[in-house]
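Secondary and tertiary structure notes
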Amino acid sequence: MLIADDLNKLLEILPDFVRNPLEKHADKKYLIEVVMDLGRRPEARFPCGPEYLSTKNIDWHDLDYCIKQLGHFSGDNRSGIESTLHRISSIRNRKGNIIGLTCRVGRAIFGTISIIRDLLERGDSLLLLGKPGVGKTTAIREIARVLADEMEKRVVIIDTSNEIAGDGDIPHPAIGRARRMQVARPELQHQVMIEAVENHMPEVIIIDEIGTELEALAARTIAERGVQLVGTAHGNYLESLIKNPILSDLIGGIQYVTLGDDEAKRRGSQKSILERKATPAFQIAIEIHARNSWIIHEKVDQIVDQILHGSLLFFQRRKFNNDGSISIECEISNSTEFNVLSSLNTINNKSKNSKLNDSVNSSYIARNVFNNLHTVNQKLANVHTTNLFNVNTGLSSLDANLISASKGIVVYPYSLNVQQIEATIDTFQLPILLTRDIIKADVILALRSSVKHNTKLRQIAKSKKVTIYTIHNSTLSNIVRALKQILQINNGFNITWDALFQETTYVEQEVLIETRFAIEKIIFLKKQSIELLPRSAKYRKLQHTLIENYNLKSRSFGEEPNRRLRIYPY
């Protein structure tokens, strides 16, 4: 990466006793900002922490010395240095006098957005989230340059505080051919956004710090006119944006919906639920938690729906490595607490080229989530073991085990919390599938009080010869007890992975784990077809046998040695 910071121009406006220690400082190139408050010692802030620069306190003359070398402070108490990206913010007392300055270093870092270049080329609107100082403005400045210079698009920047393109009337070279529109007062930003679309025919509009309801509404209006948006907003996670009543419109907004009695029972939820209100203005959301680690949500509408429904989330974590390569990890997260449950795989992009390979897409990630087998093996083997019955067919013992193993018990939950049951199944690794279609069910699990007065459900179960299991209330212990009872009665359908792995080689275990993860994490959860890794005919036969035990379809395609299986959802 190439870094341009014009640090000397910032140091020139500081008093001598503040400037001299910085010029000699070993970590000068990592300086974040300089803080000068009246009656206090000057302080420099670095990534490793703050440091005092002098024993002398800042007085009125020192502040006046800095202020006289700056331009006018705008309505948001910000100023800058001509032809630089540095930002100077002021603190005022009740009389309006400046009693403190925050001199923040502005840097143009070229090459920072190679990590998401494939997303830019798709033309979707991007929303960058992150706490202050994490590098959002630096990122969109580089995005503006790449879109304007390398992709040759008409780019207009709405630069409210002159932080993207620098202070003065001539934009900083870091934005390339992109045009910049300045904003007279911060509260007029939404008007300038609409003016840019109406007057200057942009293909892309870039906005820093969307923070008001009017700006969110303007962003939606621009998106509806077919213009690509790139914007930033304060907030660590996508969930925090959903909870923000002012900015939630950026990702579609939320509203309460009242369900009918039958629909609420079918879903196993309350009658009043939260749902997404409209199509999001931004199709992709990026959480920047550190300068070298970004979380990517490629389909914001689906992610928001999953968060509101309490489902598990699949997302990408992209990182810059020390050798200049880019790694991509596919991770699973709980939608209520954004803590990583498991890291499935890391894909190393060995090329230092700024353009990511096309294989960054989700299907490629899914096909490669199975390399770290030691951790995965422990998770998959943590299943209750029962005795396998022997099959004397001329097949290998592994094939016999698979044929005698489970095809999965399909359960129809009625008047129960589906998410709670899914979490129980996932936690105990039970070979149970949930269905919304009662016709496909092997058994029905319901609340006793609901079944008692539902003659239609009992008639369907009787005609289809489906057993109804009831529980008194939907506590976790009752659900676990009922699911285990279902499995005990249907123990002929239970796959015993521990016993299965005892009779397999390491490569066969790898093949089984890959196939099971593909089925349970992609087919069942995301309802998408998936390609497995290329295997020899011997191992493809093993994969076919396991897939058939899940009542799924698959086919082989490609030429040897790259012939592989594709699994299809129901």
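None of these values were measured; they are calculated from a predicted model. Per chain, residues are indexed from 1 in the order of the written sequence. Per-residue local features of the predicted model are confined to residues with pLDDT of at least 70, and side-chain atom pairs are confined, for both listing and counting, to 80 or more; whole-chain, interface and lining totals are unaffected and use all residues. Only hydrogens and water are set aside; all other atoms, that is, all heavy atoms of the structure, feed into the side-chain values.

1. Topic: the nonpolar core
Judged by nonpolar contacts, the single largest core of 35 residues is most densely connected at Ile158, Ile205 and Leu250. Strands are runs of DSSP state E lasting at least two residues, helices are runs of H or I lasting at least four, and both sets are numbered from the N terminus onward. Sorting the residues of this core by element identifies strand S9 (126–130), strand S10 (155–159), helix H6 (189–200), strand S12 (204–207), helix H7 (213–224), strand S13 (228–234), helix H8 (238–243) and helix H10 (300–309) as the ones contributing at least two each. The residues contacting Ile158, other than those within four sequence positions of it, are Ile164, Met181, Val183, Gln189, Val192, Met193, Ala196, Ile205, Ile206, Ile207 and Asp208. Residues grouped as a nonpolar core are buried Ala, Val, Leu, Ile, Met, Phe, Trp, Tyr and Cys residues, joined through side-chain atoms within 4.5 Å. Only protein chains enter the accessibility calculation, which uses a 1.4 Å probe; a residue is then buried when its area is under 20% of its type maximum, exposed when over 50%, and partly exposed in between. Working rule for contacts: check all heavy atoms of both residues, and any pair within 4.5 Å makes them a contact.

2. Observations regarding the sheet that holds strand S26 (residues 553–557)
Strand order in the open sheet made by the three strands is S25-S27-S26, with antiparallel pairing throughout. Each of the sheet's edge strands pairs with one partner strand only, and the pair in question is strand S25 (530–531) and S26. When S26 meets strand S27 (residues 564–568), the two strands line up antiparallel, connected through five bridges. Considered in S27, the bridge of Arg555 is made with Arg566. The pairing criterion is simple: DSSP has to find at least two bridges between the two strands.

3. A word on the sheet that holds strand S23 (residues 443–447)
Sheets are built from strands that pair by backbone hydrogen bonding, the pairs being arranged parallel or antiparallel. Strand order across the open sheet formed by four strands is S22-S21-S23-S24, with parallel pairing between neighbours. A strand with exactly one partner marks an edge of an open sheet, and here the two such strands are strand S22 (432–434) and strand S24 (467–471). For this sheet the average axis-to-axis angle between neighbouring strands, irrespective of direction, equals 30 degrees. With four bridges joining them, strand S21 (residues 409–414) and S23 adopt parallel strand pairing. Across the sheet, Pro413 pairs through a bridge with Leu445, a residue of S23. For helices, the axis comes from a line fit to the C-alpha atoms of the stretch in contact; other axes are also lines fit to C-alpha atoms, and the angle between any two N-to-C directions lies between 0 and 180 degrees.

4. Points about helix H20 (residues 537–549)
To estimate the expected span of a helix, count its residues, drop one, and scale the result by 1.5 Å. An ideal rise of 1.5 Å per residue puts 18 Å on 13 residues; H20 measures up with 19 Å between its terminal C-alpha atoms. Residues of H20 that are buried: Tyr539, Arg540, Leu542, Gln543, Thr545, Leu546, Ile547 and Asn549.

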